[in-house]
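The primary structure of each chain is shown beneath.
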Amino acid sequence: MLSYLHGFHAGNFADVQKHAAQVLALRMMQAKPGGIACFDTHAGSALYDLSSERSRKTAEADQGVQKLWAAGLSLGDDWQPLLAVLTKMNPPGLPLRKYPGSPEWFRRFQRAQDAFTAFELHPTEGEQLSDWAGRGQVRVFREDGLRGLLRQLPPPAPRLLVLMDPSYEIKSDYQQVADTLGRAWCKCRHGVYLVWYPILTTGHEQVLKRAVVDGPVKPVLCSEVHLKRPPTRGMVGSGMLVVNAPWGFEERLAAMLAEVSGEEALDVSTSMNWLVPE
Ligand SMILES: C[S@@+](CC[C@H](N)C(=O)[O-])C[C@H]1O[C@@H](n2cnc3c(N)ncnc32)[C@H](O)[C@@H]1O
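Nothing here was measured: the structure is a model prediction, and the numbers come from that model.

What counts as what
- Residues numbered from 1 in each chain as written.
- Predicted model: local features only at pLDDT ≥ 70, side-chain atom pairs only at ≥ 80, totals over all residues.
- Helix = DSSP H or I, 4+ residues; strand = E, 2+ residues; numbered from the N terminus.
- Buried ≥ 20, exposed ≤ 12 C-beta atoms within 10 Å, placed from the backbone.

Turning our eyes to something else, we now look at unusual backbone geometry. Pro154 follows Leu153 through a cis peptide bond whose omega is -5 degrees. Inspection of the secondary structure assignment puts Pro154 in the loop between α7 (145–152) and β6 (159–164). For the bond running from Lys218 to Pro219, omega is -10 degrees, close enough to zero to count as cis. Within the secondary structure, Pro219 is located in the loop between α9 (205–214) and β8 (220–227). Not every positive phi belongs to a glycine, and Asn244 is a case in point at roughly 55 degrees. By the element assignment, Asn244 lies in the loop between β9 (235–243) and α10 (249–259). What makes Asn244 buried here is the crowd of 21 C-beta atoms within 10 Å. Within the chain, Asp267 stands out as a residue other than glycine whose phi angle is a positive 60 degrees. With respect to the helices, strands and loops of the structure, Asp267 is situated in the loop between α10 and β10 (268–276). Asp267 sits in the partly exposed class, given 16 other C-beta atoms within 10 Å.

Here it is as structure tokens:
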């Protein structure tokens, strides 16, 4: 039984890193005209209200996207497309209220030649996702996203972008994500794969990272952000594995994260390494 609801965490520092990487990868791939098949294996409910009871209960967005929004930082070019989306969805001069989840970020940048498929297993999240998708250019499957992805590969579109963003409620998820990544890569080696993971005081994420190092997939870039004032238990950082990062992605994502790492923004330290080189 799934109990995780992303509404408690939407817009936190991890979402800022994840959605920055997602939008940067998508836009860099869109520099070429060929269609891209985008897959979101763990989509959530697509749109979040940062003033909702859920969001206010944890107030995680206050230390995340709200800080960027309020800081008035003069952010560089790669942040501008994300800020433009937030500006369209929210009135100026007030805290952000509407925040896009990963499916909405995909849809906002989707071109006519791109396809988008989202998976969500939680019954109420899946229902909201289906309502959000409506009759647009989005396919929603309310089923296991890891199995569903493997069934859909290779896609008809010439290029592939996958976001895997599980809630890791079950410890075996770390190994399962690594296994699925390996099987997906064997079916579609040219695909760009983004895999998010939490950095935990327990260190459980090492299972995922070790399994990826021991598996067939390469090259794998690893971006991490670590809270400078971490809690004593739970999530102390956020990581993203990027397989087949577009050329120049490494430097551009590093620069984006450096811009928002200061005390007035996310208050994090950042790192960027090759977990598995070419
Ligand atoms: C971290 S949240 C997703 C957040 C979303 N990707 C975003 O960035 O806005 C993870 C989601 O995965 C869903 N989930 C958990 N296990 C799943 C599975 N095996 N297949 C599909 N969805 C799953 C959860 O219900 C939850 O909504």
